[in-house]
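Tertiary structure, described
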Amino acid sequence: METLELTQEEQFQARIDADVRIEPKDWMPDAYRKTLIRQISQHAHSELVGMLPEGNWITRAPSLKRKSILLAKVQDEAGHGLYLYSAAETLGASRDQMLADLHSGKAKYSSIFNYPTLSWADMGCVGWLVDGAAILNQVPLCRTSYGPYARAMVRVCKEESFHQRQGFEIMQTLCEGSPEQKAMAQEGLNRWWWPTLMMFGPKDSESPNTAQSMNWRIKRFTNDELRQKFVDMMVPQAEFLGLTVPDPNLKWNEAKQGYDFGDVDWEEFWNVVKGNGMCNKERLQARVQAHEEGAWVREAALAHAEKRKQREAVAA
Amino acid sequence: MTQKEWPLWEVFIRSKQGLDHKHVGSLHAADAEMAIQNARDVYTRRLEGVSIWVVESTNVHASNPDDAAAFYEPANDKIYRHPTFYQVPDSIKHM
């Protein structure tokens, strides 16, 4: 029995190495399934919770155009969450269980959404920086080894670039506006820069699961590789806007053809992960409340469907 | 707390007239009508479709990937089903 199991696992790895996608009904190691369910559901939760900081500004968007754009963006986040939950369900996870894990605090979501959105510039920063970082994380996932996850990510990535562009446009508009508006943009960048760098996760040396995930091609780049790419990509954009990246150690390194930059405050990172960020409680509370207040709708819809089915059966 | 999940539906979308419906993902809905409306909101926010099919996931029956080798084997040795199996003289046109 044991040798058979080993062969199966070896065959599985050979398929992965040959870049053959794994599909829902294929044999897969338990740990692969568990890792994917955890990663995909965390990702879905992030999309769901990610609606909250931006939802905060829908009623206060400065124009009808900005309000329409923000509404469309928040609706996209909901859609992204749904694509991802549906991908996780193909692995045998139940939607109710995933939501219960989010609501109980057992499951994590991206810590970036535990920071408050205090000014309109934050809508620019979330789109430009946070979605920019998300895109870097997500584009390689379009080639991830699990088919349904990869396909969901293709869909997500197609929609995400509008998110980043609208954020950049908000920043550009502010930077070309009055001195107060430009100061608001700079203040937003000051608050969002470091939390955004944290989005790529702990340093490679402190990310024990990375090697296995890379081996399974669930992950395609390490946290530090992506963080470096992000800094190299964003610094010229900040310069274009006339904004200063809040890092005194930021310096172009000719030899590596990339920027050297300061160390992230890892104590803050772990503190927010552990639930002590500025908005952890508020975010979870909002999710739980929405879920509970929607309970009667879910029940009523089921009852209605059931009644209709019975009526049709009688009529037939 | 809710006692029961809405059933799961598989969603198929025709992206434009003349093309097949293609599987795009799944979603939960209480009934078929709601599944179609939700599919519109989840999968066609950018004109991705002109027609939607939904099928309750429990009604989808699938072949078993573990049997794939034996199951598709009969097609393997019948290369004469492909036009490239036949040699056509160079002087013959329109074939």
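Residue positions within a chain follow its written sequence, with the count starting from 1. Chain A is the first chain written and ligand 1 is the first ligand written, with later ones labelled in order. Reporting of local features is limited, given that this is a predicted model, to residues whose pLDDT is at least 70; pairs of side-chain atoms are given and counted only at 80 or more, and all residues count toward the totals for whole chains, interfaces and linings. Processing note: side-chain calculations cover all non-hydrogen atoms of the structure and skip hydrogens and water entirely.

Notes on the overall build of chain A
What chain A contains, in helices and strands, is 13 helices and two strands. For chain A, the spread of C-alpha atoms along the three principal axes comes to 70 × 55 × 35 Å. Using a 1.4 Å probe on the protein chains alone, a residue whose accessible area is under 20% of its type maximum counts as buried, one over 50% counts as exposed, and one in between counts as partly exposed. Among the 316 residues that make up chain A, the fraction classed as buried is 50%. Two residues qualify as a contact provided that any one of their heavy atoms is within 4.5 Å of a heavy atom in the partner residue. Considering only intrachain contacts with a sequence separation of at least 6, the fraction spanning at least 24 residues in chain A is 77%. Carbon and sulfur atoms provide 56% of the accessible area of chain A, an area that totals close to 15500 Å². Secondary structure elements are defined from DSSP: runs of H or I of at least 4 residues count as helices, runs of E of at least 2 residues count as strands, and each element is numbered from the N terminus. Each accessible area is a Shrake-Rupley estimate made with a 1.4 Å probe; only the visible protein chains count as cover when residues are assessed.

Details of the pairing of strand S2 (residues 21-28) of chain B
Residue and element names in this part refer to chain B. Summarising the sheet, strand S1 (residues 8-14) and S2 pair through seven bridges and their orientation is antiparallel. Bridging from a neighbouring strand, Arg 14 pairs with His 21 of S2. Pairing between strands requires that DSSP locate at least two bridges from one strand to the other. Connecting the antiparallel pair S1 and S2 is a turn made up of six residues, with Gly 18 showing a positive phi of about 100°.

Points about the interface of chain A and chain B
Contacts between the two partners involve 25 residues from chain A, matched on the other side by 24 residues from chain B. A simple way to read buried area is as the amount of 1.4 Å-probe accessible surface that goes missing from two parts once joined, with both sides added. Approximately 2100 Å² of surface area, both sides summed, lies buried where chain A meets chain B, with 50% of it carried by carbon and sulfur atoms. The three residues of chain A that bury the most area against chain B are A:Lys25, A:Arg155 and A:Leu302, which together make up 24% of that side's buried surface. Here, a salt bridge means any side-chain nitrogen of Lys or Arg that lies within 4 Å of a carboxyl oxygen of Asp or Glu. Ionic pairing is found between B:Arg46 and A:Glu159, a salt bridge with its closest N-O pair at 3.2 Å. Definition of a polar contact: a pair of N or O atoms within 3.5 Å, with one able to donate and the other able to accept a hydrogen when the atoms are protein atoms, and with sequence-neighbouring residues admitted only if both atoms are side-chain atoms. For the pair chain A and chain B, the number of links is 13 residue pairs in polar contact (both at pLDDT 80 or more). Listed by contribution, the elements that provide at least two residues to the side of chain A that touches chain B are helix H4 (64-89), helix H5 (95-104), helix H7 (147-175) and helix H13 (295-315) of chain A. Per element, the largest residue contribution to the side of chain A that touches chain B is nine residues, and it comes from H13(A). Nonpolar residues are Ala, Val, Leu, Ile, Met, Phe, Trp, Tyr, Cys and Pro. Charged residues are Asp, Glu, Lys and Arg, and all others, Gly as well, are polar. Broken down by class, the residue content of the side of chain A that touches chain B amounts to eight nonpolar, six polar and 11 charged.

What to know about the layout of surface pockets
For cavity detection a 1 Å grid was placed over the protein atoms alone, and a set of points counts as a cavity when a 1.4 Å probe fits there but cannot get out; an open set counts as a pocket when protein lies on both sides within 12 Å along at least five of seven lines, with lining residues being those that have an atom within 4 Å of a point. Grid points are joined across faces, edges and corners, and a volume is the space filled by probe spheres set on the points. There is about 1200 Å³ of room inside the second largest pocket. Around the second largest pocket, the lining is made up of 38 residues, and of these A:Arg151, B:Glu10, B:His23, B:Val24 and B:Gly25 lie nearest the centre. Of all the secondary-structure elements, those providing two or more residues to the lining of the second largest pocket are H4 and H7 of chain A together with S1, S2 and helix H2 (68-72) of chain B. The leading source of residues in the lining of the second largest pocket is H7(A), at seven residues. Each residue belonging to the lining of the second largest pocket can be placed in one class, and the counts come to 17 nonpolar, nine polar and 12 charged.

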